Structure formats: structure tokens, C-alpha cells
Amino acid sequence: MTTFTAYTTLSNKDSAEALGAALEELSNEPYGVGVFEIEDGSGMWEVGGYFLEAPDEVQLALLAAAHGANPFVVSELPETDWVAKVRRELVPVHAGRFYVYGSHDAHTVPEGVEPLLIEAAMAFGTGHHGTTQGCLKALDRLIEAGVVCHNVADIGCGTAVLAMAAARVWPETVIASDMDQVAVEVADANVAANDLAGRVICLEALGFEHPQLHEAAPFDLVFANILKQPLIDLAPDMASHLAPGGFAILSGILNDQGDEVAEVYARNGINTWHREEIGDWTTLTLQKATS
């Protein structure tokens, strides 16, 4: 199936969201629309749509002009077997004691690791991205330091790979939440595939906004592998949901954003315990003050 994409950028959040909404109303309706802040410190926003037929470029030009956006760039994507492509390109990842793999690589799982099965069709958050690797290595580092966590949450869980990693090493139930219902369904499928049903509870929630998260707090460990601004916005809630002496593992942070995120959390009583850079991405391990 041939897919067409149309992307533009603009500098105002409200205008970007309005443009995204307008894009959904085109006569040749896109099957998906995304509005994202570009995480490079530029303050720019990206609006894009995916189409099964070539979009009307006159309509796109009018929309861009009406919302103060740059001209749309339209591209045709070739037919691709994405699952086969992922299977070719995503080799297993060894991060500390954790081994992330697809079922097609099950024969490669070595002895003495904590295996985490993520299917190729569910590739977001497989452990190949520097942010997920950083979080898995940070968890391994805490374990090596003798830290034992009895109450763990994974906020913005994606595939739930981090929640499952915690459930592999500690016997308690882990809560994994995501604001995207599709991600929650993917997380549930991965939890079942790893024989962790009942050990990892998957919820649809924005941040900590769910009764089960409120009831389970305070947490000994919280993962949040999202993006800089959502992490900054989450800091006060993190402080109120984290136990004294508890840890937060944060990623989705570009290297030049690490200081800003760390400073915001320090102002909320959660201080840097360790920091690691993998490629362009920083992972922060923070610990809440005990008094």
C-alpha cells in the first residue's frame, strides 16, 4: 500500500493544534495526524498527516497560509513490509542484565540474562533507542547498588519494556501507564507474551492521573521516558508520588536539555544520583530527599 505524508512546521503551539484539527477535516481525510513540539530547543512545532491517496496540495497551501505555517512538504512513501524491515534491522539489545529481543531472535537469548520479548510489529520502545537503553542500564545500576524497590510505576510506558524489566527482578506488581490507548493495548500484549500478566498492570492515564496510581503511591521507583517538557511539567506530581529516598529514572532528554530537567527536579527535592549519555540522549537517575 502506498502512503503519502504531508509535513509542515510553525512556531506557535495553538496555531499548530488548530492546523492539526483543520487537517483532519480535509475532503481527502488523512488516516492519521500528529502535532509535536520539535525537541531541539527551537520552539518550533511540526504538524503532519498520513494519507492513502495523494493530498490536494492547493488545499494544503491554503491551510498553511491560514495558520501561519511553512509550506507543506508532500512525500510518497514506497510500499514496505515494516515488520520484515524491523526484523532485519533491530538486532537484540543487551543492556546490563536485560536482553531485549523479538521472537525471531529467541534462539539468541544467552544464559544468565533477564529476557524481555518485544515483537517486531510493536517496535516503539524495544530497547534499541538510546533513551530506552539508558533506562534499562540505569535500572541495572540501581540493582547493582543493592537497591530493592517494592512499588514501581512506569509513566508513559509505551511497550512497557521498563515496567516488565522491573517486574523481572522484583516480585511486586508494577503499574504501567500511557496516555495513548493503543500503547496500553500494545503494553498488555507484551506483558502477556512475557508471562507477566497480573504482575504488570497497564492503565490509560495522563501522568499520574489515575485512581490506581494515586492509591499505590508513594512509589520507590518511577520511570518516565517521555520528552523534556512533559518531564518538567511532571516534576511536582513526581515529588508528591515518590517516596522519601525513592528513585526516578528519566529519559527522552536531549543531552543539552539534561541540566534544565535536573535543575527543575532538584527544586522539587529530587536530586541527581547518576547521569548517562548514550548518543544524543541523556538518562537521569534521581533520588528524592529523605527529609
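Placed above this text is the structure.
The rules we used
- Residues numbered from 1 in each chain as written.
- Predicted model: local features only at pLDDT ≥ 70, side-chain atom pairs only at ≥ 80, totals over all residues.
- Heavy atoms only, no water.
- Helix = DSSP H or I, 4+ residues; strand = E, 2+ residues; numbered from the N terminus.
- Buried < 20%, exposed > 50% of the residue type's maximum accessible area, 1.4 Å probe, protein only.
- Areas by Shrake-Rupley, 256 points an atom, 1.4 Å probe, with all protein chains shown as cover.
- Pairing = 2+ DSSP bridges.
- Disulfide = S-S within 2.5 Å.
- Expected span 1.5 Å × (residues − 1).
- Arc of directions from axis to C-beta.
- Contact = heavy atoms within 4.5 Å.
- Polar contact = N/O pair within 3.5 Å; in protein donor to acceptor, adjacent residues only side chain to side chain.
- Axes fitted to C-alpha atoms, helices over the stretch in contact; angles between N-to-C directions.
- Phe/Tyr/Trp six-rings, centres within 6.5 Å; stacked < 30°, edge-to-face > 60°.

J.: Go over the overall build of the protein, please, and point to the residues and values.
T.: Of regular secondary structure, the protein possesses nine helices and 14 strands. The proportion of buried residues among the 291 residues of the protein is 46%. Accessible area for the protein stands at about 13600 Å²; split by element, carbon and sulfur atoms hold 52% of it.

J.: Let's hear about the pairing of strand 1 (residues 3-10): which residues, and what values?
T.: Summarising burial for strand 1: six of the eight residues are buried, a large majority. When strand 1 meets strand 3 (residues 45-51), the two strands line up antiparallel, connected through seven bridges. Each residue of the ladder has a partner; that of T5, found in strand 3, is Y50.

J.: Could you give an account of the state of the cysteines, with specific residues and numbers?
T.: Tallied over the entire structure, the rule returns zero disulfides. Free of any disulfide, C157 has its nearest neighbouring cysteine sulfur in C202, separated by 5.7 Å.

J.: How would you sum up helix 6 (residues 181-193)? Please name residues and give values.
T.: With 13 residues, helix 6 extends 18 Å from end C-alpha to end C-alpha; this agrees with the ideal 18 Å at 1.5 Å per step. What helix 6 keeps buried is the set A183, V184, A187, N190 and V191. Viewed end-on, helix 6 has its buried residues packed into an arc of 125°, placing them on one side of the element. Lining the buried residues of helix 6 we find strand 7 (114-117), helix 5 (161-169), strand 9 (174-178) and strand 10 (200-204). The distance from a side-chain oxygen at the start of helix 6 to the backbone nitrogen of V182 is 2.9 Å, and the residue carrying that oxygen is D180. Backbone geometry just after helix 6 places D195 at a positive phi near 55°.

J.: I'd like a description of the sheet that holds strand 3, backed by residues and values.
T.: Ordered by their spatial adjacency, four strands build an open sheet running 2-3-1-4, and the pairing between neighbours is antiparallel. This sheet does not close on itself; its edge strands, each paired only once, are strand 2 (32-37) and strand 4 (73-77). Here the average twist between neighbouring strands, direction ignored, is 20°. Direction of pairing for strand 2 relative to strand 3: antiparallel, over a ladder of six bridges.

J.: Describe in detail helix 1 (residues 13-23), supporting the description with residues and values.
T.: Buried within helix 1 we find A16, L19, G20, A22 and L23. Burial along helix 1 is one-sided: seen end-on, the buried residues are contained in an arc of 160°. On its buried side, helix 1 packs onto strand 1, strand 2, strand 3 and helix 2 (57-66).

J.: I'd love a proper account of the sheet that holds strand 14 (residues 281-288), names of residues and values included.
T.: In any sheet, the strands associate via hydrogen bonds between backbone groups, in a parallel or an antiparallel arrangement. Within the open sheet, the seven strands sit side by side as 10-9-8-11-12-14-13. Their pairing is mixed. The sheet is open, and its two edges are formed by strand 10 and strand 13 (270-278), each paired on a single side. Sheet twist, expressed as the mean angle between neighbouring strand axes with direction ignored, is 15°. The pairing of strand 12 (residues 242-254) with strand 14 spans six bridges and is antiparallel. Across the sheet, F247 pairs through a bridge with Q287, a residue of strand 14. Running over the sheet, helix 8 (residues 228-241) touches strand 8 (152-155), strand 11 (219-225), strand 12, strand 13 and strand 14 and is turned about 175° from strand 12. Across the sheet, helix 9 (residues 258-267) touches strand 12, strand 13 and strand 14, and the angle it forms with strand 13 is around 165°.

J.: I'd like a rundown of the packing of aromatic side chains, residues and numbers included.
T.: Under the defined criterion, the tally for this structure stands at five aromatic pairs. When the centroid spacing of 6.1 Å and the interplanar angle of 40° are considered together, the rings of Y31 and Y50 count as tilted. With Y31 in the loop between helix 1 and strand 2 and Y50 in strand 3, this pair connects stretches of sequence that are 19 residues apart. Joined through ring pairs, the aromatic side chains of Y7, Y31 and Y50 make up one cluster.

J.: Describe unusual backbone geometry, naming the residues involved and giving the relevant values.
T.: Of all residues except glycine, most have a negative phi; of all peptide bonds, most are trans. In the segment running from A217 into P218, the intervening peptide bond is cis, with an omega of 5°. Tracing the chain through its elements places P218 in the loop between helix 7 (211-216) and strand 11. Backbone geometry places A160, a non-glycine residue, at a positive phi of 70°. Note that A160 resides in the loop between strand 8 and helix 5. Positive phi values are uncommon outside glycine, yet D195 reaches one of about 55°. Following the sequence through the fold, D195 ends up in the loop between helix 6 and strand 10.

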